[in-house]
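The chain contents come next:
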Amino acid sequence: MSIYERMMNRSGGVKVDTTLDISRGVRCGEELSGTVILRGGRDAKHVTAIEFGLVAEFFCEKNKQIVKDKGVIYRHTLGTSVTVAPGEEKRVPFRFRIPLTTPVSIDSSKVWLETTVNVEMEETRNDRDAVPILPHPIVHGFFEAVKLLGLRLDEVSLLHVPHL
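Starting afresh in each chain, residues are numbered from 1 along the sequence in its written order. Local features in a predicted model are, by the rule used here, given only for residues with pLDDT of at least 70; side-chain atom pairs are given and counted only at 80 or more, and totals for whole chains, interfaces and linings are based on all residues. Only heavy atoms go into the side-chain values, all of them from the structure, while hydrogens and water stay out.

The next subject is unusual backbone geometry. One non-glycine residue, N63, adopts positive backbone phi at about 55°. Secondary structure counts use DSSP, requiring at least four H or I residues in a row for a helix and at least two E residues in a row for a strand, with both numbered from the N terminus. By the secondary structure assignment, N63 is in the loop between strand 4 (45–62) and strand 5 (65–84). Located in the positive-phi region is K64, a residue other than glycine, with phi close to 60°.

So, in C-alpha cells, the structure goes:
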C-alpha cells in the first residue's frame, strides 16, 4: 500500500481516479467521455460535485520575462450527489464537448484534464490525465496541404496574449 493510500485511509477520504474513453486522442468539437471512479476510505463521504478543467501550458510575460505557466481553458461541472461508503467503489460516467478553440497537442503543446471532486466537510480531491487533442478535420486538411507544398512544422508553442 502506498503512502498516499495509507494517508487517505487514515483521513477517511475519497480516492479519485478518472479514466478516459479515448485510444489515440479526441478532436476539437468532439465529445470527451469517461468515468470518474470514487473509492471510499475509512468513513462514508458525500460527493457534492465533480468539476473538470481542460488545462494547457503556455508562455506568458511576467515581470518582463517570458515564463511557462498553465491555465484552465474550459470548465465543465457535473452536479452530482453520491455517497461513497467505506471501501465502496462508485463509477460516475461523464461526457462533454471539447471546444473548437482548444489548442491542438503538437510538439511541446500539452493539454490535460484535471478532475476535482468536492467532498462534503473535507478538502477536494484531484486527478490529472493527459488528453491528446487532435485537430479539427478542416485544420487537419490545412496541415496536410502544407505538407504537400513541401513545408514542415518546425515548432509549436502556446502564447497567452491578455489583450486579445
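On to helix 2 (residues 137–148), then. For a helix, the expected span equals 1.5 Å multiplied by the residue count minus one. Here helix 2 is 12 residues long and its end C-alpha atoms lie 16 Å apart, about the 16 Å a rise of 1.5 Å per residue gives. Among the residues trailing helix 2, G150 stands out with phi positive, at a value near 90°.

Moving on, we come to the nonpolar core. Throughout this description, the term nonpolar core refers to a set of buried Ala, Val, Leu, Ile, Met, Phe, Trp, Tyr and Cys residues connected via side-chain atoms within 4.5 Å. The cut-offs for exposure are 20% and 50% of the maximum accessible area for each residue type, with area from a 1.4 Å probe on protein chains only; residues under the lower value are buried, those over the upper are exposed, and the others partly exposed. In terms of nonpolar packing, the biggest core is built from 28 residues, with L32, V36, L38, V47, L113 and V117 touching the most fellow members. When residues of this core are traced back to their parent elements, those giving at least two are strand 1 (15–20), strand 3 (31–39), strand 4, strand 5, strand 6 (89–97) and strand 7 (111–119). The leading source of residues in this core is strand 4, at 7 residues. Only heavy atoms enter the contact rule, under which two residues are in contact if any of them lie within 4.5 Å. Setting aside anything within four residues of it in sequence, one finds V47 in contact with L38, T80, S81, V82, V84, V117, N118 and V119.

Let's shift gears to the sheet that holds strand 1. Here the rule is simple: two strands pair whenever DSSP picks up at least two bridges between them. Here 3 strands make up an open sheet; going across it, the order is 1-3-6 and the pairing antiparallel. Unpaired on one side and paired on the other, strand 1 and strand 6 mark the two borders of the sheet. Adjacent strand axes in the sheet meet at a mean angle of 25°, parallel and antiparallel pairs treated alike. For strand 1 and strand 3, the ladder comprises 6 bridges, and the chain directions are antiparallel. In the strand pairing of strand 3, L20 is matched with G34. To obtain each axis, a line is fitted to C-alpha atoms, and for helices this fit is confined to the stretch in contact; angles are then taken between N-to-C directions over 0 to 180 degrees.

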